[in-house]
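# Summary of the model geometry
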Number of protein chains: 2
Amino acid sequence: MNIKEASEKTGVSSAAIRYYEKEGLIPAIDRSDNGNREIDERIIRRITFARQMRAAGMSIENLRRYIQLFDSNEDNTREQMDLLREQMTQMEEKRDDIQAAIDHLHYKLDHYDDHMQSAEDELRELERKHDNQK
Amino acid sequence: MNIKEASEKTGVSSAAIRYYEKEGLIPAIDRSDNGNREIDERIIRRITFARQMRAAGMSIENLRRYIQLFDSNEDNTREQMDLLREQMTQMEEKRDDIQAAIDHLHYKLDHYDDHMQSAEDELRELERKHDNQK
DNA sequence: ACTTGCCTTGAAGTACACTTTAAGGTTTAA
DNA sequence: TTAAACCTTAAAGTGTACTTCAAGGCAAGT
């Protein structure tokens, strides 16, 4: 499979696949005789994994660190797991931040009919509700 | 309250508060006699709202669009609500992306003991599980 | 008078994650 | 043989969201 097909299959642009390879987010890709990348299912899975982690906000730097551990032959299970746990914690925080924002906007939408004269009214209302929860 | 106190209270840097004001993410802030910003609770709430939306991944551009509608005197309830709903949809998608990544990493962590010889083993395992779910 | 510590502005600089460009190579089809 | 459609690389460019810098002002304390 050439890079264009891989791009279509994974939803990652050809340029980004090259970039990921150069940055060590995916393994080095074998070349065919003419020097073109010959992409197999193993690489597709690695690209897809990278895409998923990137979509969840994992930085290039952290993803590279993890992949380097992962692809090394040494037993660095401890470090890998620590890194994974650290990333999961960050993702959970981000997920919760987003959920809080969704709840906030949901509240705004639900109360649009009641009082929409001014920004202040609405913000006071939100503030009051927030205070009551404490 | 001066900008430094506001920064400490909201967790948004002084420079970012100035930037948010310039970009129209928060209203224009009143100045005291010497030209310094005099920040009250209303502004604090606006900064906090901006911070929360930013933390959830809402772009400066979209936040400005919403705030401009919000602070205008015209009745653009429809546009405001449409914008809010659009943003919520985006946030929900992002939240779900993150959750999928968390689930993936969780699976990895849970199965670390079983088979950690190679990246390929693990990825095959994930692939298999994924296929089974279809 | 001077240092400290805050403030102001506009402009320039930075980090991240790609994307785009430039210059060229190969393969296939007409 | 020439055009189309892919590929390669290195390097430069881009957008976002700030941060940092430079140059100066104000107010209080020593």
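Placed above this text is the structure.
Residues numbered from 1 in each chain as written. Chains lettered and ligands numbered in written order. Predicted model: local features only at pLDDT ≥ 70, side-chain atom pairs only at ≥ 80, totals over all residues. Heavy atoms only, no water.

### A short note on the packing of aromatic side chains
Threshold: Planes of paired rings set the category: under 30 degrees apart is stacked, over 60 is edge-to-face and the rest tilted, where pairs are Phe, Tyr or Trp rings (Trp by its six-membered ring) whose centres lie within 6.5 Å. The numbering of helices and of strands both runs from the N terminus, where a helix is a DSSP run of H or I of at least 4 residues and a strand a run of E of at least 2. Between buried and exposed lies partly exposed: a residue is buried under 20% and exposed over 50% of the maximum accessible area for its type, with that area taken using a 1.4 Å probe on protein chains only. Throughout this description, the term charge over a ring refers to an Arg CZ or Lys NZ atom that lies within 6 Å of the ring centre and within 35 degrees of the ring normal.
Taken as a whole and judged by the stated rule, the model has six aromatic pairs over all chains. Aromatic side chains A:Tyr66 and A:Phe70 sit 5.5 Å apart centroid to centroid with 45° between the ring planes, which places their arrangement in the tilted category. Residue A:Tyr66 and its partner A:Phe70 are both found in helix H4 (residues 60-71); the two are separated by four residues, about one turn of the helix. For A:Phe70, a relative accessible area of 9% translates into the label buried. The ring of B:Phe49 has A:Lys108 lying over it, and the distance from NZ or CZ to the ring centre is 4.7 Å.

### Thoughts on the relation of the copies chain B and chain A
Here the two chain copies are tied together by a rotation about an axis and a shift along that axis. Filter applied, for reference: To line up the copies, we fit them by least squares on C-alpha atoms, keeping just the residues with pLDDT of at least 70 in both. Contacts are residue-level and defined by heavy atoms, with any inter-residue pair within 4.5 Å sufficient.
Rotating chain B by 180° and translating it 0.0 Å along the rotation axis places it on chain A, where the RMSD comes to 0.0 Å. Seen this way, the second copy is the image of the first under a two-fold rotation axis. Residues of chain B ranked by C-alpha distance from the rotation axis are headed by B:Arg95, positioned 2.7 Å from it. Taken together, the interface assignments show that 100% of the residues at the interface of chain B recur at the interface of chain A, consistent with an identical surface on both copies.

### So, a negative patch on the surface
Applicable threshold: Each patch is built from salt-bridge-free residues with over 30% relative accessible area, joining like charges within 9 Å and nonpolar side chains (Val, Leu, Ile, Met, Phe, Trp, Tyr) within 5 Å. Residue-level accessible areas treat just the shown protein chains as cover; the underlying method is Shrake-Rupley with a 1.4 Å probe. Salt bridge criterion: a side-chain nitrogen from Lys or Arg within 4 Å of a carboxyl oxygen from Asp or Glu. Here Asp and Glu are counted as negative and Lys and Arg as positive; His is not counted, and neither are the chain ends. Note on charges: their place is set at NZ of Lys, CZ of Arg, CG of Asp or CD of Glu.
A contiguous patch of negative charge on the surface is contributed by A:Glu74, A:Asp75, A:Glu79, A:Asp82 and A:Glu86. Using a relative accessible area of 36% as the deciding quantity, one classes A:Glu86 as partly exposed.

### Things to note about the pattern of salt bridges
Any two side chains of opposite charge can pair, so long as their charged atoms come close to each other. Residue and element names in this part refer to chain A. A complete count under the given rule lists 17 salt bridges over all chains for this structure. Notably, a salt bridge pairs Asp-71 with Arg-46, separated by 2.8 Å at the nearest N-O pair. Placement of the pair is Asp-71 in helix H4 and Arg-46 in helix H3 (residues 41-55), with a sequence separation of 25 residues. A residue is classified by how much of its surface remains accessible, and Arg-46, at 2% relative accessible area, is buried. Linked by salt bridges that have partners in common, Glu-21, Arg-31 and Arg-37 make up one network.

### Digging into the protein's contact with DNA strand D
Put simply, the rule reads: Whether a residue is near a molecule or strand is decided by its heavy atoms; if any one of them lies within 4 Å of it, the residue is near. Identification of polar contacts relies on pairs of N or O atoms within 3.5 Å, with a donor-acceptor requirement for protein atoms, meaning one able to donate a hydrogen and the other able to accept it, and with residues adjacent in sequence counted only if both atoms are side-chain atoms. Think of it as three bins: nonpolar holds Ala, Val, Leu, Ile, Met, Phe, Trp, Tyr, Cys and Pro, charged holds Asp, Glu, Lys and Arg, and polar takes everything else, Gly as well.
Surveying the vicinity of DNA strand D reveals 17 residues, the closest of which are A:Lys4, A:Arg18, A:Arg37, B:Ser13 and B:Arg54. Among atoms of DNA strand D positioned within 4 Å of the protein, sugar and phosphate together represent 88%. Within the backbone of A:Lys4, a nitrogen or oxygen atom sits 2.7 Å from a phosphate oxygen of DNA strand D. The set of elements that each furnish at least two residues to the surface near DNA strand D consists of helix H1 (3-10) of chain A together with helix H2 (14-23) of chain B. Ranked by residue count, the leading element in the surface near DNA strand D is H2(B), at four residues. When its residues are assigned to classes, the surface near DNA strand D shows six nonpolar, six polar and five charged.

### Side note on the interface of chain B and chain A
Heads up, the rule is: In this description, buried area is defined as the sum, over both parts, of the accessible area (probe of 1.4 Å) that is lost when the two are combined.
With 42 residues of chain B at the interface, the matching set in chain A holds 42 residues. Here chain B meets chain A over a buried area of about 4,100 Å², counting both sides, of which 73% is carbon and sulfur. Per-residue buried area on chain B facing chain A is highest for B:Arg45, B:Leu105 and B:Tyr112; these three make up 15% of the total on that side. If you look at where chain B meets chain A, you find zero salt bridges. At the boundary of chain B with chain A, the tally comes to four residue pairs in polar contact (both at pLDDT 80 or more).

### Describing the packing of helix H1 (residues 3-10) of chain B against H2(B)
Residue and element names in this part refer to chain B. Where we set the bar: To get an axis, fit a line to the C-alpha atoms, keeping to the stretch in contact for a helix; angles then go from 0 to 180 degrees between the N-to-C directions. Oblique is the label for any angle not covered by the other classes, which are roughly parallel (under 35 degrees), roughly antiparallel (over 145) and roughly perpendicular (65 to 115).
At their nearest, the axes of H1 and H2 sit 8 Å apart, and the two run at 100° to each other. Judged on the interaxial angle alone, H2 and H1 are roughly perpendicular. Residue-level contacts link Ile-3, Lys-4, Ala-6, Ser-7 and Thr-10 of H1 to Ser-14, Ile-17 and Arg-18 of H2. Considering only residue class, the contact of H1 with H2 consists of three nonpolar, three polar and two charged.

### Observations regarding the protein's contact with DNA strand C
For DNA strand C, the set of nearby residues contains 17 residues, the closest of which are A:Ser13, A:Arg54, B:Lys4, B:Arg18 and B:Arg37. Sugar plus phosphate: this is where 87% of the atoms of DNA strand C within 4 Å of the protein reside. Between a phosphate oxygen of DNA strand C and a side-chain N or O atom of A:Arg54, the distance comes to 2.5 Å. Note that a phosphate oxygen of DNA strand C is positioned 3.2 Å from one of the side-chain N or O atoms of B:Arg31. Secondary structure elements with two or more residues in the surface near DNA strand C: helix H2 (14-23) of chain A together with H1 of chain B. The dominant element in the surface near DNA strand C, judged by the number of residues it contributes, is H2(A), at four residues. Broken down by class, the residue content of the surface near DNA strand C amounts to six nonpolar, six polar and five charged.

Fair warning: the whole summary comes from geometry, so function is off the table for now.
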